[in-house]
Amino acid sequence: MPPKKSKTSDAKGPKTSSRKRKRENENDLPAKVEEKKSAVESYSHWIMKSEPESRFENGVDLKFGIEDLKKCKNQTDCWDGVRNYQARNFMRDQMKIGHKVFFYHSNCKEPGIAGICKIVKESYVDHTQFDSKDPHYDRSAKKDAPKWFMVDVKFERMLKRFIPLSELKSLHLSHKADGGTLKNMALFTRARLSVQPVTQEEWDFILNLENEEKT
DNA sequence: GCCAACGTTGGC
DNA sequence: GCCAACGTTGGC
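Computed from a predicted structure; not experimentally measured.

Caption draft 1: Region of the structure containing the UniProt feature "domain: EVE" (unreviewed entry) in chain A. In this structure's numbering, the residues bearing the UniProt feature "domain: EVE" (unreviewed entry) are residues 45-209. Between the first and last C-alpha atoms of residues 45-209 the distance is 17 Å; the span itself is 27% helix and 32% strand.

Caption draft 2: A look at the nonpolar core. Of all hydrophobic cores here, the largest spans 23 residues; its most connected members are Met-48, Trp-79, Met-91, Met-95, Val-151, Val-153 and Val-195. Those elements that provide at least two residues to this core are strand E1 (45-50), helix H2 (66-71), helix H3 (85-94), strand E5 (100-105), strand E6 (112-125) and strand E7 (149-164). Setting aside anything within four residues of it in sequence, one finds Val-153 in contact with Met-48, Leu-69, Gln-75, Thr-76, Asp-77, Trp-79, Cys-117, Lys-118, Ile-119 and Val-120. Core analysis: the next-biggest nonpolar cluster, separate from the first, contains 17 residues, Ile-113, Ile-163, Leu-171 and Leu-182 among them.

Caption draft 3: Quick look at the packing of aromatic side chains. For the structure on display, the rule yields seven aromatic pairs. Judged by centre distance (6.4 Å) and plane angle (85°), the ring pair of Phe-64 and Trp-79 falls under edge-to-face. Taken together, the residues span a long stretch of sequence, with Phe-64 in the loop between strand E3 (60-61) and H2 and Trp-79 in the loop between strand E4 (76-78) and H3 at a distance of 15 residues. Classification of Phe-64 by relative accessible area gives buried; the value is 1%. The interplanar angle of 35° and the centroid separation of 6.4 Å between the aromatic rings of Phe-64 and Phe-103 together place this pair among those described as tilted.

Caption draft 4: Representation of the packing of helix H4 (residues 165-178) against helix H6 (residues 200-209). It is the contact of H4 with H6, at a shortest axis distance of 12 Å, that shows an interaxial angle of 130°. On the basis of their axis angle, the class for H4 and H6 is oblique. As for how H4 packs across H6, the hand of that crossing is right-handed. On the side of H4, the interface is formed by Glu-167, Leu-168, Leu-171 and His-175, while H6 contributes Phe-205, Ile-206 and Leu-209. For the contact of H4 with H6, the residue count by class is five nonpolar, one polar and one charged.

Quick notes on the rules
Per-chain numbering applies: the sequence of each chain, read as written, is numbered from 1 onward. Whichever chain is written first becomes A and whichever ligand is written first becomes 1, with later ones labelled in order. Totals for whole chains, interfaces and linings use all residues, but because this is a predicted model, local features are given only for residues with pLDDT of at least 70 and pairs of side-chain atoms are given and counted only at 80 or more. Water and hydrogen atoms were dropped before computing side-chain values, which therefore reflect all heavy atoms in the structure. UniProt positions are given in the numbering used here, feature names are shortened, and annotations may be inferred rather than shown by experiment. Strands here mean DSSP runs of E at least two residues long; helices mean DSSP runs of H or I at least four residues long; both are numbered from the N terminus. Residue types Ala, Val, Leu, Ile, Met, Phe, Trp, Tyr and Cys, when buried and joined through side-chain atoms within 4.5 Å, form a set referred to as a nonpolar core. Under the scheme applied here, a residue whose accessible area is under 20% of the maximum for its type counts as buried, over 50% as exposed, and between as partly exposed, the area being computed with a 1.4 Å probe on protein chains only. Every residue pair with non-hydrogen atoms within 4.5 Å of one another is taken to be in contact. Pairing of aromatic side chains requires ring centres within 6.5 Å, counting the rings of Phe and Tyr and the six-membered ring of Trp. Pairs whose planes differ by under 30 degrees are stacked, by over 60 edge-to-face, and all others tilted. Note on definitions: angles span 0 to 180 degrees between N-to-C directions of axes, and those axes are lines fitted to C-alpha atoms, for helices only across the stretch in contact. An angle below 35 degrees is read as roughly parallel, one above 145 as roughly antiparallel, one from 65 to 115 as roughly perpendicular, and any other as oblique. The sense of a crossing depends on the near helix, which, turned anticlockwise from the far helix by less than a right angle, makes the crossing left-handed and, turned clockwise, makes it right-handed. In this classification, the charged set is Asp, Glu, Lys and Arg, the nonpolar set is Ala, Val, Leu, Ile, Met, Phe, Trp, Tyr, Cys and Pro, and all remaining amino acids, among them Gly, are polar.

The following block contains the structure:
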């Protein structure tokens with residue numbers, strides 16, 4: 001596994017030391033709801049956010065754009081550093097080998113979708129939770145009870161053109177008015193989630209944009 | 001750099 | 001188990 005570099009990390013892992021109460025996984029959906037949900041909606045397409053511009057946390061550069069993924073061995077890397085329960089649950093419970101992912105650039109000059117990657121390894125323990133030097137260290141995670149998980153993603157291709165957030169946003173807004181495909185897109189309804197599901201219809205619609213002129 | 005939105009913490 | 005305070009995300 002390549003060393004240290006972190007994707008958009010969502011909320012920080014709990015930093016507190018002296019928890020009386022174990023709040024572990026409190027934000028998980030109750031088992032029943034979770035079962036029900038995944039029975040109803042099972043996703044095979046995703047958006048994963050990462051920061052393509054340098055930003056230092058604890059002296060570590062969090063930069064990891066699609067060009068960085070390309071440079072990895074086998075153009076593959078582990079998606080470590082996710083510290084949000086919903087994002088984790090998507091990775092842990094629903095991502096399967098072969099699923100397609102839009103690689104999204106966040107917290108940068110021009111946010112948007114840069115390319116496509118795919119899941120090549122399903123959920124396993126995110127080692128960075130145990131590493132006190134890592135910006136995403138979680139002191140509450142124990143080796144025998146890991147809290148955070150990751151998947152491996154492999155670069156597939158760049159989009160024919162970068163699809164900026166601004167374009168998706170204006171489509172989202174007009175689709176909200178006319179019932180179009182992107183009306184419920186998680187990118188806007190769940191803006192802070194760094195790992196989000198994309199419906200087949202949304203995926204096809206967005207992919208088609210790369211063939212069009214920028215509007 | 002600002003700050004709205006929203007997830008998390010922890011006292012009660 | 002509520003909810004105020006706090007912390008983070010990420011667009012702008």
